[in-house]
Amino acid sequence: MNNFKYYNDSLAYDFELFMPKEKTVNTDNVIKMPQKKAVQRKRKAKAQKTVSVSVAFVLLCTFFLAALCGNIFLRIRINEVDSQINDINTEINEMNAEHTKLFVEMEKIISYNNLEQSAETLGMKKMDKDQVVYIHVNDRNTAITSDGELVVSNE
């Protein structure tokens with residue numbers, strides 16, 4: 001090795017001395033054979049990648065289709081329940097109308113004027129002052145019954 005140049009030029013280090021040396025191979029007489037296994041591995045990896053992408057796409061489409069069908073089913077079910085609710089509300093309104101009609105009929109039957117008219121048709125009339133009989137009691141603790149007996153309270 002010729003280290004003389006280092007002493008004359010500069011005091012800097014030559015880092016090439018510390019680098020690992022490359023092995024020189026005479027490539028003139030070396031023939032590289034194609035590696036079949038490496039090529040086959042690359043092809044298999046590429047085929048598996050395309051298969052996995054296509055499987056993922058099919059699974060995604062299946063999931064999307066299932067979600068769409070589920071959504072349609074739930075909307076149909078909601079419409080059925082809504083129609084049942086509307087039918088029941090219609091029945092409730094009809095029952096309320098019938099209740100009101102029956103209440104009005106009952107009020108007609110029970111009203112005071114109708115009661116008065118029914119009493120008059122039966123021959124009843126309002127009480128007059130001459131029909132009132134007053135009882136005068138002098139002693140608060142005694143009373144005379146219709147039989148004529150005297151009843152005295154013990155208080």
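Predicted, not measured: the structure shown is a model, and the values here were computed from it. (Residues numbered from 1 in each chain as written. Predicted model: local features only at pLDDT ≥ 70, side-chain atom pairs only at ≥ 80, totals over all residues. Heavy atoms only, no water.)

## Remarks on the overall build of the chain
If you tally the helices and strands in the chain, you get three helices and two strands. Across the chain, helices and strands are ordered from the amino to the carboxyl terminus as α-α-α-β-β. Counting every position in the chain, which comprises 155 residues, the buried fraction comes to 0%. Only carbon and sulfur atoms are counted for the fraction: they give 60% of the accessible area of the chain, which is about 16400 Å². (Helix = DSSP H or I, 4+ residues; strand = E, 2+ residues; numbered from the N terminus. Buried < 20%, exposed > 50% of the residue type's maximum accessible area, 1.4 Å probe, protein only. Areas by Shrake-Rupley, 256 points an atom, 1.4 Å probe, with all protein chains shown as cover.)

## Some details on the pattern of salt bridges
Considering all chains together, one arrives at one salt bridge under this definition. In this structure, Arg77 engages Glu80 in a salt bridge whose closest nitrogen and oxygen atoms are separated by 3.2 Å. Linking Arg77 with Glu80, this pair stays in helix 2 (residues 36-110), spanning three residues, or about one helical turn. A residue is classified by how much of its surface remains accessible, and Glu80, at 38% relative accessible area, is partly exposed. (Salt bridge = Lys/Arg side-chain N within 4 Å of Asp/Glu carboxyl O.)

## Describing the confidence of the model for the chain
Residues shown with low pLDDT carry predicted positions that ought not to be read at fine detail. Averaged over all residues, the pLDDT of the chain equals 80, while 79% of them reach at least 70. Across the chain, the secondary-structure element scoring lowest on mean pLDDT is helix 1 (residues 4-9), at 54, and the one scoring highest is helix 2, at 89. (pLDDT = per-residue confidence, 0-100.)

## Some remarks on helix 3 (residues 112-121)
Sparse coverage of helix 3 is indicated by the burial of zero of its 10 residues. Positive backbone phi, at 95°, marks Gly123, one or two positions downstream of helix 3.

## Considering a nonpolar patch on the surface
A surface patch of nonpolar side chains, about 500 Å² in accessible area, is lined by Phe64, Leu65, Leu68, Ile72 and Ile76. By secondary structure assignment, the location of Ile72 is in helix 2. Here Ile72 falls in the partly exposed class, since its relative accessible area comes to 45%. (Patch = residues over 30% accessible without salt bridge, like charges linked within 9 Å, V, L, I, M, F, W, Y side chains within 5 Å.)

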